[in-house]
Amino acid sequence: MKKYLVGGAVRDILLKQPVTDRDWVVVGAKPHDLLQEGYVQVGKDFPVFLHPKTKEEYALARTERKSGLGYTGFICDFNENITLQQDLERRDLTINAIAMDENQQLIDPFHGVRDINQRILRHVSAAFTEDPLRVLRVARFAARFHHLGFTIATETLNLMQKMVIDGEIQTLTPERVWKETEKALNTKDPQIFFSVLREIGALAILYPEIDILFSIPNIHQQNLGQFTLSALKYVSEMTNENEIRFATLCCHVETINNAVKSEHPHLIQLEQLCQRCKIPNKYQKIANLACRYCELIHNIGNLSATEIVTLLNNIDVWRNPHHLQQLLIVCCADAKVINHNDRQLYQPKIILEKAYQIAKSVSIKEIIAEGFVGKDIQIELNRRRIKALSN
Ligand SMILES: Nc1ccn([C@@H]2O[C@H](COP(=O)(O)OP(=O)(O)OP(=O)(O)O)[C@@H](O)[C@H]2O)c(=O)n1
């Protein structure tokens, strides 16, 4: 039996990036051999074992063959004659298909080291198409390693495009799509993930509400889609919080409904996107606020004291002060695109933060002490906040 370090760990060592988890492949062994060494079996579809001490994952070398459309139908073979090369061949990208033995020697039959040096994301073999999730994985790696200079090989991009045309992408569950999206949002350049998806036609299928933005003209950039991706780039330089990044991505999805917008627009596009993709609530909250109030905040200078208090109430800043900060980061990123990233301060942030402090200083205790009860407390609180802001 031989054990090799494989996948992301080897890639990240070669890229001098932090290694998060270490996956191992075991060649020339049966499940029984690992159980005897004290490993604990965890995999259901194929045998994966946890090391008794490190708890790192050890998988028997295997081949996979697809047996139907989509991700589900896979036939795995993990008999002890499967070679390391066969195991590496079933993997997605050459940079993820390098193995390292116990003497730190690299086994690299698909030239992953060359592709690491040339900064290329290239698929290993035609078997790439057997797993549609790989389309999203490659887009995510393009985002994650963009700052290192990585691009996707033309032949891989063509294959990804073909998988989209063949309808493979529709077979992915919303949960898997969102998991990859969430990871992509967390990279240094999440805008690259979405621009790759757009380039291969996958954005129109997975996130049509975002895709349509590319056909809406915009005065600040050629279209609203490009505007949104620029804002996403800026916001990622400003915060690591995924919720804020997602809100920036969604900030303009309601633009198409602008004509019918009232003070409380029904966020049709956003709701549709969030429901279909099963987006967690914590993401929806700030995205909702961004869709509703970003434009209003840009124009805060023209609002009356009453309108500002209503805005603060609608943001629910009294119970969730961090919502205001999160929303202001989205607005700042948006304004950066409008101002072509020049370094001027975003005035609405200063105005709104000051207004919040003034309104907050109105004492609710005093109102209660003066005998106001029930609904009248809120009415009086609003009146005093408006008065304080009018001064
Ligand atoms: N759809 C997939 C998922 C995984 N892999 C292979 O399994 C390895 C481990 O997968 P995973 O842990 O999901 O990703 P990593 O490449 O380790 O990257 P990360 O740092 O994001 O965990 C990958 O390197 C790749 O060789 C694959 O070929 N196809």
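Residues numbered from 1 in each chain as written. Predicted model: local features only at pLDDT ≥ 70, side-chain atom pairs only at ≥ 80, totals over all residues.

As annotated in an unreviewed UniProt entry, the protein chain is CCA-adding enzyme from Frischella perrara. Under the Sequence similarities (unreviewed entry) heading, UniProt states for the protein chain: "Belongs to the tRNA nucleotidyltransferase/poly(A) polymerase family. Bacterial CCA-adding enzyme type 2 subfamily." Comment text from UniProt for the protein chain, heading Cofactor (unreviewed entry), reads "Mg(2+)". (UniProt positions renumbered as here; feature names shortened; annotations may be inferred.)

Novice: What am I meant to see in the environment of Leu136 here?
Specialist: Tracing the backbone shows Leu136 in helix α5 (residues 133-144). The buried category is assigned to Leu136, around which 24 C-beta atoms lie within 10 Å. For the pair Leu136 and Ile279, spaced 143 residues apart in sequence, the C-alpha separation works out to 17 Å. (Helix = DSSP H or I, 4+ residues; strand = E, 2+ residues; numbered from the N terminus. Buried ≥ 20, exposed ≤ 12 C-beta atoms within 10 Å, placed from the backbone.)

Novice: Help me understand the sheet that holds strand β9 (residues 106-107), please; the structure alone is not making it clear to me.
Specialist: As a general point, the strands of a sheet are linked pairwise by backbone hydrogen bonds and lie either parallel or antiparallel. Here 7 strands make up an open sheet; going across it, the order is β3-β4-β5-β2-β1-β8-β9 and the pairing mixed. Looking along the sheet, the strands with just one partner apiece sit at the ends: β3 (40-41) and β9. Alignment of strand β8 (residues 99-100) against β9, held across 2 bridges, turns out to be antiparallel. Counterpart to Met100 in the pairing with β9 is Leu106. (Pairing = 2+ DSSP bridges.)

Novice: Please clarify how the UniProt feature "binding site: Mg(2+)" (unreviewed entry) in the protein chain should be interpreted in this entry.
Specialist: Per the UniProt annotation, the sites labelled "binding site: Mg(2+)" (unreviewed entry) are Asp21 and Asp23. Asp23 sits in the partly exposed class, given 16 other C-beta atoms within 10 Å. For Asp23, the residues in contact, after removing those within four places along its chain, are Val6, Gly7, Ala9 and Glu57. (Contact = placed C-beta atoms within 7 Å.)

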